[in-house]
Amino acid sequence: MMNQGKEVDHDKSMENDQVKNLTSMVERMSSLLEETLATMHEKDRKRKYSGTNGGINKKDNPSALEEPDVGGHFETKKAKFTENALSDQMTSPLKTNKEKGKEEIKLNASSNRLRKMAANVREALSRTAPAIDGKNKWEKKLKTNRFDKSQPLKRNANKKSTMEAESRRADVMATLSNEKQLIVRYVFDHTQSEREILCDLGIEHLNRHDFFSARPNEWIESGLINLVALKKTLLQKKRYPNGLWPAWYLPTYFSNYALRGGLNAKSWAKQYTGTHRYTGEPQACERVYIPINDSDSHWFMCVVNIRHGIVYILDSLPSPTENKRRAELVTRVVKYLDDLFQYLDVPQVKKFSMFPFERLKWVPIQEAADCGVHTAKYFNLEQFIQDELIMLKFSSAEGRIGLVLDLIMFEGNNVKEKIMEKAKKKYPSPKGKN
């Protein structure tokens, strides 16, 4: 009996050693994974920065990297960028939208792949980790990292989803006139130059590459939302030539500067206010529409209704765990708007940041990655009552195709006729079909 007890103790000891070894291995794998992902993510950010206007181009601007010494020779400087300095330069003030553009800091496609890869590795680690008290402690630990919103990919899930989206898109295309079908086909034709300007509204323009973000299941880029805001602004300018605009439709970089810094409200006012840009007379303003980017993963909007003293939150993907945090983002953005009005010397009976917030619960829930499409549609709301729900009812395909056609065929598009002519020439219509 004593020998049998010793054997049991020995077995338990060996089992504990195995658990410890496995635990140590999981820890090392998890640590290595996090370090690798962090390094790759940093490379993505630097690579993206090097292709922007804020990056230094030695060929085009030698003085940016070189300076003459006493003997008249040039000596290369060592460019040292800290993460904070890099972020500041990426959000630095830009003189015009058309010449230099406005791009928020966001994760690119490769970073999205990192999310998915981390999710799959996390799932694999959680299956092999030792269970403690009926729960897997490694699953709990790994859920605390920045990939906690990722889900393991199902085999062929993306392929199936894309096929379904293309099928629905084909159904929507069949309902369009021949002219609109040709325009959509031309816009998304990957054999054409991605640099071709497809929509030019004066101070903002987008090329084919920008419009590619309106393809099925793609993340809607800020440029499309900004162009919708500018379109609404131009229509209002035509309707109220005296500058007494009841609404301001602000671009995405207003909230971007409010949340990430780089440009204070006074500087923003100097560059982007006035009837030649996005704002009319401040005293006439009743509503301010502000699209907001939440952590480069979700678009939503807040509307400051000055006339009724309330701030509406329009969100196509509400969540009990995210609503409070997004309300905090809205607070910061609205305080930035307070600073803007203060600089414009507009008397305020009550600061906008003191207005109560109301989340409109009747706003439809989005399909797939359509938060950007919904946010663009929110610019059309005026009364913020459920009777306007009809404007927000659309399928993913309808919303994306409609967004493209509204911009391309807008009367203020300076290249509209040119694009329509190219589309008709590229894809001749069958005889007898209009």
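Under an unreviewed UniProt entry, the protein chain has the name Ubiquitin-like protease family profile domain-containing protein and belongs to Rhododendron simsii.

Asks: An account of the overall build of the protein chain is needed here, citing residue identities and associated values.
Replies: Across its full length, the protein chain holds 15 helices and eleven strands. Counting all 434 residues of the protein chain, 44% fall into the buried class. A fraction of 68% describes how many contacts in the protein chain between residues 6 or more apart in sequence connect residues 24 or more apart. For the protein chain, the accessible surface area stands at approximately 24800 Å², while carbon and sulfur atoms represent 51% of it.

Asks: Now, about the pattern of salt bridges: what can you tell me, with residues and values included?
Replies: All chains considered together, the criterion is met by twelve salt bridges. Here D294 makes a salt bridge to R325, at a shortest N to O gap of 2.7 Å. With D294 in strand β8 (residues 287–294) and R325 in helix α12 (residues 323–343), this pair connects stretches of sequence that are 31 residues apart. With relative accessibility at 27%, the residue R325 sits in the partly exposed group. With its nearest N and O atoms 3.3 Å apart, the salt bridge here joins D315 to R359. Remark: R359 occurs in strand β11 (residues 357–359) and D315 occurs in the loop between β10 (310–314) and α12; sequence separation between them is 44 residues.

Asks: Describe the sheet that holds β8, with residues and values.
Replies: Pairing within the open sheet is mixed, and its five strands lie in the order β7-β8-β9-β10-β11. The two strands at the open ends of the sheet, each matched to only one other strand, are β7 (247–249) and β11. Sheet twist, expressed as the average angle between the axes of neighbouring strands with direction ignored, equals 25 degrees. On top of the sheet, helix α9 (residues 222–239) reaches β7, β8 and β9 (298–305); it is set at about 150 degrees to β7, its chief contact. Sheet strands in contact with helix α10 (residues 252–260) are β8 and β9, and its direction is about 60 degrees off that of β8.

Cut-offs and rules
Residues numbered from 1 in each chain as written. Predicted model: local features only at pLDDT ≥ 70, side-chain atom pairs only at ≥ 80, totals over all residues. Heavy atoms only, no water. Helix = DSSP H or I, 4+ residues; strand = E, 2+ residues; numbered from the N terminus. Buried < 20%, exposed > 50% of the residue type's maximum accessible area, 1.4 Å probe, protein only. Contact = heavy atoms within 4.5 Å. Areas by Shrake-Rupley, 256 points an atom, 1.4 Å probe, with all protein chains shown as cover. Salt bridge = Lys/Arg side-chain N within 4 Å of Asp/Glu carboxyl O. Pairing = 2+ DSSP bridges. Axes fitted to C-alpha atoms, helices over the stretch in contact; angles between N-to-C directions.

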